[in-house]
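Coordinate inspection notes
Each chain is listed here by its residues.
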Amino acid sequence: MDRQTIGIGVGGAAVVGVAFGMARYAYGLTLPDVRSEFGLSELLLGLIASGTFAGYLIGLVCVPRLSARRGPRAPTTVGGVCGFIGAATVALAPSPWILAVGAVISGSAAGWVWAPYSDIVTEAAPRPRRATLLAVITTGTSLGLVGLAGLGLLATAYSWRLTWAGIALAAAVAAVLNRRVVPRVAAPRRGEGAPRQSLWRRPMAAPLAYAALYFAAVTIYFTYATEAARSGGLAGSAEPLLFALIGVGGLVGLRTAWMNRAMGTPVVGVGSVWVVSGALVLLGLGRTSLPLTLLSALLLGTGYMVGSSLLAIWTAQVAPDRPGEGFTLALVVGAVASIAAPAAMGALIPALGLPTMLVLVAAGAAVGTLALAAPPLRGAAESRRPG
């Protein structure tokens, strides 16, 4: 593997790892302490969580224009800056409203940094390496989650604010590394008459529907994992263990390109959502069993990282001429689902309880994939090719 390809993998994994593994999900890890310090209701906590994904959506929709003007590396730099500013704001927040602003800015980092790598990889990496490289970059999230777990342990000894301060520092380091080792490639060239609606052609239907189900389920897990674990007896310094196990389980994502070739894209996609659904069920039942709670974290990590890596590969397959735009469209659909899901959970938890809601979300995601499964699986053979 040449030096440039390695640089793309290392720089991309660092930026995506901090933005997704740390900045995007730190709110869920620190949620119980945030509630305790500021006295926030379940509804307001859910609205702030949805706000973080609104920031993510804003970043996503701004990426194509900035990439077209300055090249696809530019949005990754903006994302690193957002991660630093947002996390630092949360760490110093004197009120829930300033905390919410910081969380939204921090959450936007993930929207800026992920999709551009589809274009960077397509332009700068050899074709046989692209699917594997996309999986490596995405799986950087696993290492970010392990880092978040370490910061969580530090926070239990001192303050939850130290978690966010550590994320701010990590975001700054990752942004600098990315600028040094990831090549600046030309902005993707599009003909003036290129019809945007071409991204809505039939092959995109399956990955878009998959993105909605997958992101809704994953978002609910991360938002309420610490809360569910704490109510089930996993408290104190053991809470970050959940995130460490998610990161460890997510290392399976490094084999996503191989799974895609061996089983076909739709099969792997449906399987990843079922694994995430299983993790939600175990999290809901785990309030009476620590082993079930920890097993749910390992399962979530596996389904999460395989599913994320697969989405990057899948959209590159069905939109090979516009991989970054195709991936962005799928992420926008997923972001909308991520915004709606926590708000709905926050409204329904007081009536139904958190464990029941976790199981209901799992059932909805699994049933949704059953509706998706038949048509995509008939075409699975067509997807069994390297990205």
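Residues numbered from 1 in each chain as written. Predicted model: local features only at pLDDT ≥ 70, side-chain atom pairs only at ≥ 80, totals over all residues. Heavy atoms only, no water.

A few words on the overall build of the protein chain. When its secondary structure is counted, the protein chain shows 16 helices and zero strands. Looking at the 387 residues of the protein chain, the share that counts as buried comes to 59%. Summed over all atoms, the accessible surface of the protein chain reaches about 14700 Å², with 67% contributed by carbon and sulfur. (Helix = DSSP H or I, 4+ residues; strand = E, 2+ residues; numbered from the N terminus. Buried < 20%, exposed > 50% of the residue type's maximum accessible area, 1.4 Å probe, protein only. Areas by Shrake-Rupley, 256 points an atom, 1.4 Å probe, with all protein chains shown as cover.)

Right, let's talk about the environment of L358 for a bit. Residue placement: L358 occurs in helix α15 (residues 354-378). In sequence terms L358 and L285 are 73 residues apart; their C-alpha atoms lie 9.0 Å from each other. Residues within four places of L358 in sequence aside, it is in contact with I220, A228, L280, L283, G284 and M345. (Contact = heavy atoms within 4.5 Å.)

Orientation of helix α1 (residues 3-23) relative to helix α6 (residues 116-124), taken along the N-to-C sense of each, is 175 degrees, at an axis distance of 11 Å. Of the possible angle classes, the one that applies to α1 and α6 is roughly antiparallel. When α1 is examined against α6, the residues Q4, I8, G11, G12, V15 and V16 are found in contact with a partner set consisting of Y117, I120, V121 and A124. In the contact of α1 with α6, the residues fall into seven nonpolar, three polar and no charged. (Axes fitted to C-alpha atoms, helices over the stretch in contact; angles between N-to-C directions. Parallel < 35°, antiparallel > 145°, perpendicular 65-115°, else oblique. Nonpolar A, V, L, I, M, F, W, Y, C, P; charged D, E, K, R; others polar.)

Turning our eyes to something else, we now look at the pattern of salt bridges. Scanning all chains against the criterion turns up one salt bridge. The partner of R161 in a salt bridge is E37, with the nearest N and O atoms 2.6 Å apart. Separated by 124 residues along the polypeptide, R161 in helix α8 (residues 161-181) and E37 in helix α2 (residues 26-38) bring together distant segments of the chain. Among the residues examined, E37 registers a relative accessible area of 42% and is labelled partly exposed. (Salt bridge = Lys/Arg side-chain N within 4 Å of Asp/Glu carboxyl O.)

A separate point is the packing of aromatic side chains. Evaluated as defined, the whole model comprises eleven aromatic pairs. Relative to W314, the ring of Y210 lies with its centre 5.5 Å away and its plane at 45 degrees, an arrangement referred to as tilted. With Y210 in helix α9 (residues 205-231) and W314 in helix α13 (residues 290-318), the pair connects residues that are 104 residues apart, well separated along the chain. For the pair Y210 and W314, one class covers both residues: buried. Their ring planes at 65 degrees and their centres at 5.1 Å tell us that F222 and Y304 sit as a pair that is edge-to-face. With F222 in helix α9 and Y304 in helix α13, the pair connects residues that are 82 residues apart, well separated along the chain. Of the two residues, F222 and Y304, neither departs from the other in class, the shared state being buried. (Phe/Tyr/Trp six-rings, centres within 6.5 Å; stacked < 30°, edge-to-face > 60°.)

By the secondary structure assignment, F84 is in helix α4 (residues 73-92). Taking relative accessible area as the criterion, F84 reaches 40% and is therefore assigned partly exposed. Setting aside anything within four residues of it in sequence, one finds F84 in contact with A168, A171 and A172.

This part is about a nonpolar patch on the surface. Taken together, the side chains of V146, V248, L295, L298 and L299 define a hydrophobic patch exposed on the protein surface, amounting to about 350 Å² of accessible area. Position of L295 among the secondary structure elements: in helix α13. Judged by its relative accessible area of 39%, L295 is partly exposed. (Patch = residues over 30% accessible without salt bridge, like charges linked within 9 Å, V, L, I, M, F, W, Y side chains within 5 Å.)

The next point concerns the nonpolar core. Core analysis: the largest hydrophobic core is formed by 113 residues, its most contacted members being Y56 and Y304. Broken down by element, the residue count for this core peaks at 16 residues, all from α9. Once residues lying within four places of it in the same chain are set aside, the contact partners of Y304 are F20, Y25, T141, L145, Y214, V218, F222 and V276. (Core = buried A, V, L, I, M, F, W, Y, C linked by side-chain atoms within 4.5 Å.)

The subject of this paragraph is the state of the cysteines. Counted under the stated rule, the structure contains zero disulfides. Lacking any disulfide linkage, C62 is separated from the closest cysteine sulfur, that of C82, by 9.5 Å. You can call C82 buried: its relative accessible area is 15%. (Disulfide = S-S within 2.5 Å.)

At 2.6 Å, the side chain of R161 forms a polar contact with the side chain of E37. Within the structure, R161 has its side chain in polar contact with the backbone oxygen of A93 (distance 2.8 Å). Not counting residues up to four positions away in its chain, the partners in contact with R161 are E37, F38, V90, A91, L92 and A93. (Polar contact = N/O pair within 3.5 Å; in protein donor to acceptor, adjacent residues only side chain to side chain.)

Scored by pLDDT, the protein chain comes out at a mean of 84, with 88% of its residues at no less than 70. The low-confidence segment residues 191-197, where pLDDT is below 50, has three contacts with residues more than four positions distant or belonging to other chains. Confidence drops under a pLDDT of 50 for residues 376-387, and excluding neighbours within four residues, the segment shows 23 contacts in the predicted structure. (pLDDT = per-residue confidence, 0-100.)

With their axes 7 Å apart at the nearest point, helix α11 (residues 256-263) and helix α12 (residues 265-285) run at an angle of 120 degrees to one another. Taken together, α11 and α12 sit at an angle that is classed as oblique. On the side of α11, the interface is formed by M259, N260 and M263, while α12 contributes T265, V267 and V268. Looking at side-chain class alone, the contact of α11 with α12 contains four nonpolar, two polar and no charged residues.

The grouping of R65, R69, R70, R179 and R184 at the surface amounts to a positive patch. Considering each element in turn, the positive patch owes the most residues, three residues, to helix α3 (residues 42-70). Note that R69 resides in helix α3. Its relative accessible area of 70% is what places R69 among the exposed residues. (Lys, Arg positive; Asp, Glu negative; His and termini not counted. Charge placed at Lys NZ, Arg CZ, Asp CG, Glu CD.)

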